[in-house]
Amino acid sequence: MPDLPAMSPPVKRSVTIGGHRTSVSLEDAFWRELRDIAKSQDETAAALIAAIDSKRPPEVGLATALRLYVLSEVLKRQSRGA
């Protein structure tokens with residue numbers, strides 16, 4: 001049986017993208033990692049979310065795009081041995 005990480009239900013947070021408020025639901029682990037990634041890039045989480053939103057395909061929801069971005073960044077970090 002697999003060992004499971006700590007889990008939480010999705011948490012809805014309001015973000016402003018292009019001057020418009022919207023809500024995004026992500027699990028705490030994704031919110032934490034997203035903030036850490038933004039900080040490592042010297043930008044705010046809101047700016048990073050807006051950048052991801054601007055590049056995502058229209059058929060992909062924002063929460064999905066954010067999760068996939070976080071996963072991609074974590075995998076890149078692992079492949080660099082960090």
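One can find the structure itself at the top, above this paragraph.
Residues numbered from 1 in each chain as written. Predicted model: local features only at pLDDT ≥ 70, side-chain atom pairs only at ≥ 80, totals over all residues. Heavy atoms only, no water.

K.L.:
What am I meant to see in the overall build of the protein here?
P.N.:
The helix and strand inventory of the protein stands at 3 helices and 2 strands. Ordered by position from N to C terminus, the α and β elements of the protein give β-β-α-α-α. Put simply, 37% of the contacts in the protein that link residues at least 6 apart link residues at least 24 apart. Total accessible area on the protein stands at roughly 5,800 Å², and carbon and sulfur atoms take up 56% of it. The protein carries 12 positive and 10 negative side-chain charges, and their two centres are separated by 3 Å. (Helix = DSSP H or I, 4+ residues; strand = E, 2+ residues; numbered from the N terminus. Contact = heavy atoms within 4.5 Å. Areas by Shrake-Rupley, 256 points an atom, 1.4 Å probe, with all protein chains shown as cover. Lys, Arg positive; Asp, Glu negative; His and termini not counted. Charge placed at Lys NZ, Arg CZ, Asp CG, Glu CD.)

K.L.:
Would you explain the nonpolar core in this entry?
P.N.:
Grouped together as the largest cluster of nonpolar side chains are 15 residues, with contacts concentrated most on Val24, Leu34, Ile49 and Leu66. In this structure Leu34 touches Leu26, Leu48, Ile49, Ile52, Leu66, Tyr69 and Val70, once residues within four positions along its chain are discounted. (Core = buried A, V, L, I, M, F, W, Y, C linked by side-chain atoms within 4.5 Å. Buried < 20%, exposed > 50% of the residue type's maximum accessible area, 1.4 Å probe, protein only.)

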